[in-house]
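Residues per chain, in single letters:
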Amino acid sequence: MLQTVRSTRGMAVAPHALAAQAAVDILRAGGNAIEAMIAAASTIAVVYPHMNSIGGDGFWTISCPGKPVVAIEACGAAAGSISSDYYTAKGFAKIPSRGPDSANTVAGTIGGWQAALDISKEWGGRLPLGRLLENAIFYAEDGIAVTRSQSVTTTKKLGELQAIPGFAETFLVNGKVPQAGDRMRLAQLGKTLRALADDGLDSFYRGRLAASIAKELKALGSPVSAEDLAKYRATVRKPLELQHSLGQIYNMTPPTQGLVSLIILGLLDRLDINRFGPESAEYIHCVVEATKQAFMIRDSHITDLDFMDADPQSFLAPDHLDKLTTAIRMDKALPWGQGKGPADTVWMGVIDGEGRAVSFIQSIYHEYGSGIVLSETGLNWQNRGCSFSLDPQHINALAPNKKPFHTLNPALARLNDGRVMVYGTMGGDGQPQTQAAVFTRYAVYNQTMQAAITAPRWLLGRTWGDDTDSLKLEGRFPEETRRKLEALGHEVEMVEDFDEIVGHAGGIARFANGVLEGGSDPRSNGGVAGF
């Protein structure tokens, strides 16, 4: 099996090894964790294009020793001109998932980079933006080596993407799906990254890039306007916090499901899971049933924070978590409804030599997002807004300038023994479940970071490339575990031994003595880079 990586001066983990290396390149040059993450985020948007894009959204959870943890909400809102009538007039019963009509929200990730760099300056960060984007620009212009994941995903989704403006010209090679190991250049995206380096990140929303983006979006039929871009800025938030027996765990506020991830860990803390083995049916049953309780809150309450009817932090109050725990039965699986669907996402982590830590996630929702690619800028625009409901009574009903629900949530923990931990994954409904697996295996069961990530995982509900709601178990689980789960009433489906549907996880922890350890997911093209 893969070995846990250890170092002392800095570390990065990403689901593509080149992104992790780009981050450490910046750390070696004297950059801090935020500057390193900008390098990783820009690089992975180039080398892993089916999973994320700078035409999408992002979220940050950031820790600096001696200071409160902060979060950045870098998700774009729906166009100011949009409404349910816009779609019903076109004969749509729901928002389409592909094409210009699905590209109905502003892309927030670049605004998040800017908000993060503002924090970096408070840390003394001085590296020029061009240096942070250097690796990404090189790979876009010189060419990327296509991964198997990209090739398989493109093949699977070609029927619904090929005719969408800009897709075939950008992501096919000579009209065909590129194979693993083929070389692909993203020249227009390289020009856009150079323009950002020259003009600054603000140009994406209020400069010459913004003018080009708005012009092309309008020509294609997207409702996102120049005015929508111009008024966008990412928001710095106080993250949600769970008081756990092992320390403080932090995650992103709504509209993400960070609350879900924290509720699950709060319930598991009360269920005394360390009495069970980490691959036992009892352990999985506990996590799955805690997930169901958290999902009920998600589906009833979580939406744009400005539209919520309750304080999300209140759901993490000890008495509320105690009440939810009593609803979990150890002898029977509770009924399960329907999941939230796919999430085309990357999670990455960086911790620098000063102990400053970043947990970051970047997404365009479905594979290749809306599918549209702007010809002048090479931007693949997200389709996150297709998660809105056209039912005005729905908690995530479409409204002008409203932010859509996000499965994304970057986790960070400050443990009582002095460790700082960043961890996360991609994967729709699976994100909070995989976070629970990684955290509990590492912090509760005391496995190494790599062992916690490599160990077989499960998924209740839906994730990218998947549309069933069964409880999926990787094939490496013992047969006894499957039988016991079925006897408890779970609808079990076995998947591959190392299956991408359970996510691309990663994690880094820094000990009180300054030693770092990290693990990446063998299910991805990832890697850990340290020095």
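For the structure, check the block above.
Report on the accompanying structure. (Residues numbered from 1 in each chain as written. Predicted model: local features only at pLDDT ≥ 70, side-chain atom pairs only at ≥ 80, totals over all residues. Heavy atoms only, no water.)

## With respect to helix 18 (residues 479–487)
Next up, step 1: For helix 18, the complete set of buried residues consists of Thr481, Arg482 and Leu485. Each buried residue of helix 18 lies within a common arc of 100° when the element is viewed along its axis, so the set occupies one face.
Next up, step 2: Among the structural elements, helix 14 (281–301), strand 15 (471–474) and strand 16 (492–495) are those in contact with the buried residues of helix 18.
Next up, step 3: Just downstream of helix 18, Gly489 is the residue with a positive phi angle, here 105°. (Buried < 20%, exposed > 50% of the residue type's maximum accessible area, 1.4 Å probe, protein only. Helix = DSSP H or I, 4+ residues; strand = E, 2+ residues; numbered from the N terminus. Arc of directions from axis to C-beta. Contact = heavy atoms within 4.5 Å.)

## Looking at the pairing of strand 18 (residues 516–520)
Next up, step 1: The buried count for strand 18 comes to 5 of 5 residues, which makes it a mostly enclosed element.
Next up, step 2: Across 3 bridges, strand 1 (residues 5–7) lies against strand 18 in antiparallel orientation. Paired with Ser7 across the bridge in strand 18 is Leu516.
Next up, step 3: Taken together, the 5 bridges between strand 17 (residues 506–510) and strand 18 define a ladder with antiparallel strand orientation. Its bridge partner being in strand 18, Arg510 is matched across the sheet by Leu516.
Next up, step 4: Between the antiparallel neighbours strand 17 and strand 18 lie 5 residues, among them Gly514 with a positive phi of about 95°. (Pairing = 2+ DSSP bridges.)

## What to know about the packing of aromatic side chains
Two aromatic rings are characterised by how far apart their centres lie and by the angle between their planes.
Next up, step 1: Using the criterion set out here, one finds 13 aromatic pairs in the structure.
Next up, step 2: Measuring from centroid to centroid gives 6.2 Å for Tyr87 and Phe92, while their planes differ by 55°, and the two rings are tilted.
Next up, step 3: The class for Tyr87 is buried, based on a relative accessible area of 0%.
Next up, step 4: With centroids separated by 5.4 Å and ring planes inclined at 50°, the aromatic side chains of Phe167 and Phe171 adopt a geometry described as tilted. Of the two residues, Phe167 and Phe171 both sit in helix 8 (residues 167–171), 4 residues apart, roughly one turn of that helix. Both residues of the pair, Phe167 and Phe171, count as buried. (Phe/Tyr/Trp six-rings, centres within 6.5 Å; stacked < 30°, edge-to-face > 60°.)

## Observations concerning the nonpolar core
Next up, step 1: Counting 97 residues, the largest nonpolar core has Val46, Trp60, Trp113 and Trp381 as its most contacted members.
Next up, step 2: Here this core takes 12 residues from helix 2 (residues 33–47), the largest share from any one element.
Next up, step 3: When near neighbours in sequence (up to four residues on either side) are disregarded, Trp113 contacts Ile38, Ala41, Ser42, Ile54, Trp60, Leu133, Leu201, Phe360 and Gln362.
Next up, step 4: If you look at the next biggest cluster of nonpolar residues, it comprises 55 residues, including Leu240, Val260, Leu267 and Val492. (Core = buried A, V, L, I, M, F, W, Y, C linked by side-chain atoms within 4.5 Å.)

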